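Below are the chains, spelled out letter by letter.
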Amino acid sequence: MFAEIPVKNAAFGRVLLETIEEKGIEVNNPSTAYFTASKKNYLYYNLKERGIPSPDTVSLAAEKAARDLEKHLELPMIARRLENLKLTEEQKLESVEEIQGFYDGTDYEEDVLLFQEFSDADMYRCLVIGDDIISLREDSDDWKFTGKKLKYSNLSDDQKEIVKNAQNSLGMKIAEVFLRGDKVYDIKPNPDLDLYSQNAGKDIFSEIADELKEES
């Protein structure tokens, strides 16, 4: 089974995947791995705890915690707002005033704010299917991953090791890993398979089917 569960349904998805696992059915990702990748504040904590190179990240649960944030993360930084685990806003912040403007009015019962160091290193989107890594370099001039100007590209041996370590640290079978240089900036449990099919010249769906068959 290939389960594509929206991250806003992470709690339900975890229970569903646990039920599938109990039935002995092969599925693209274990319940714990899916849940960790869906909850971004938990994801970055786990990456740091397990020694995976990743950007310095601050997750906020109270507005006053954002004060003096620039003393902990260097400007510019990337700020993301997640409502019920779904990304609703993303900005590149260049000043202390912009930091304040981003967190003002936040409802901390529903929102999670993530602030992350910015890097202008080369951007790569990597689809991991078992032991196989399919990587696309993003040559967009934008400061964030947009899915535009993609080109099939090989990673260095060091980058491949980082991607595999990130995958293995979470216990994922099939996932999308985002790199800037040699740091993991994100991991998504629901890869855009059409994007890789169109830009990598590979039969992505057959590769995934073969991977799940081999596991069974």
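Note that the coordinates shown come from a computational prediction; the quantities given were computed from them, not determined experimentally.

Draft legend 1. Broad picture of the overall build of the chain. A count of helical and extended segments in the chain gives seven helices and nine strands. Its C-alpha atoms give the chain a radius of gyration of 18 Å, near enough to 17 Å, the size a compact globule of 216 residues would have. When its C-alpha atoms are laid out on the principal axes, the chain stretches across 55 × 35 × 30 Å. Buried positions account for 44% of the 216 residues belonging to the chain. Considering only intrachain contacts with a sequence separation of at least 6, the fraction spanning at least 24 residues in the chain is 60%. Distance from the positive charge centre (28 side chains) to the negative charge centre (45 side chains) of the chain: 1 Å.

Draft legend 2. Spatial organisation of unusual backbone geometry. Cis geometry marks the peptide bond from L75 to P76, where omega comes out at -5°. Looking at where P76 falls in the secondary structure, it is placed in the loop between β1 (57–60) and β2 (77–83). Residues other than glycine seldom take positive phi values, yet K149 does so here, at roughly 50°. The residue K149 is located in the loop between β6 (132–138) and β7 (150–152) in this model. Relative accessible area serves as the criterion here: at 57%, K149 is assigned to the exposed category.

Draft legend 3. Main features of the nonpolar core. Ranked by internal contacts, the top residues of the largest apolar core, which has 23 residues, are L47, C126, V163, L179, V184 and I187. Of all the secondary-structure elements, those providing two or more residues to this core are α2 (31–38), α3 (40–49), β5 (123–129), α5 (157–170), β8 (174–180) and β9 (183–188). If one sorts the elements of this core by residue count, α5 sits on top with four residues. Aside from chain neighbours lying at most four places away, what touches V184 is L47, I52, P53, S54, P55, I162, A166, V177, F178 and L179. Core analysis: the second largest hydrophobic core is formed by 13 residues, L195, Y196, A200 and L212 among them.

Draft legend 4. Summary view of the pattern of salt bridges. A full pass over the atoms with the stated rule returns 13 salt bridges. Where R81 meets E89, a salt bridge forms, and the shortest distance between an N and an O atom there is 3.0 Å. Taking the shortest distance from any N to any O, the salt bridge between E94 and K92 comes out at 3.7 Å. It is possible to trace a salt-bridge network through shared partners that takes in K40, R80 and D186.

Draft legend 5. How the structure looks around the side chain of T36. Among the structural elements, T36 can be located in helix α2. Ignoring any residue separated from it by four or fewer positions in sequence, one finds T36 in contact with Y42, L43, N46 and L170.

Draft legend 6. Representation of the sheet that holds β1. What the four strands build is an open sheet, ordered β1-β4-β2-β3; its pairing is antiparallel. Here the strands that pair on one side only, and so sit at the sheet edges, are β1 and β3 (86–93). The sheet shows a mean angle of 20° between the axes of neighbouring strands, direction not considered. Where β1 lies against strand β4 (residues 111–117), four bridges are found, and the strand directions are antiparallel. Following the sheet pairing, S59 is matched in β4 by L114. α3 contacts β1, β2 and β4 of the sheet and is inclined by roughly 40° relative to β4. Sitting on the sheet, helix α4 (residues 96–103) is in contact with β2, β3 and β4, with an inclination near 165° to β3.

About the cut-offs
- Residues numbered from 1 in each chain as written.
- Predicted model: local features only at pLDDT ≥ 70, side-chain atom pairs only at ≥ 80, totals over all residues.
- Heavy atoms only, no water.
- Helix = DSSP H or I, 4+ residues; strand = E, 2+ residues; numbered from the N terminus.
- Rg over C-alpha atoms; globule rule 2.2 N^0.38 Å.
- Buried < 20%, exposed > 50% of the residue type's maximum accessible area, 1.4 Å probe, protein only.
- Contact = heavy atoms within 4.5 Å.
- Lys, Arg positive; Asp, Glu negative; His and termini not counted.
- Charge placed at Lys NZ, Arg CZ, Asp CG, Glu CD.
- Core = buried A, V, L, I, M, F, W, Y, C linked by side-chain atoms within 4.5 Å.
- Salt bridge = Lys/Arg side-chain N within 4 Å of Asp/Glu carboxyl O.
- Pairing = 2+ DSSP bridges.
- Axes fitted to C-alpha atoms, helices over the stretch in contact; angles between N-to-C directions.

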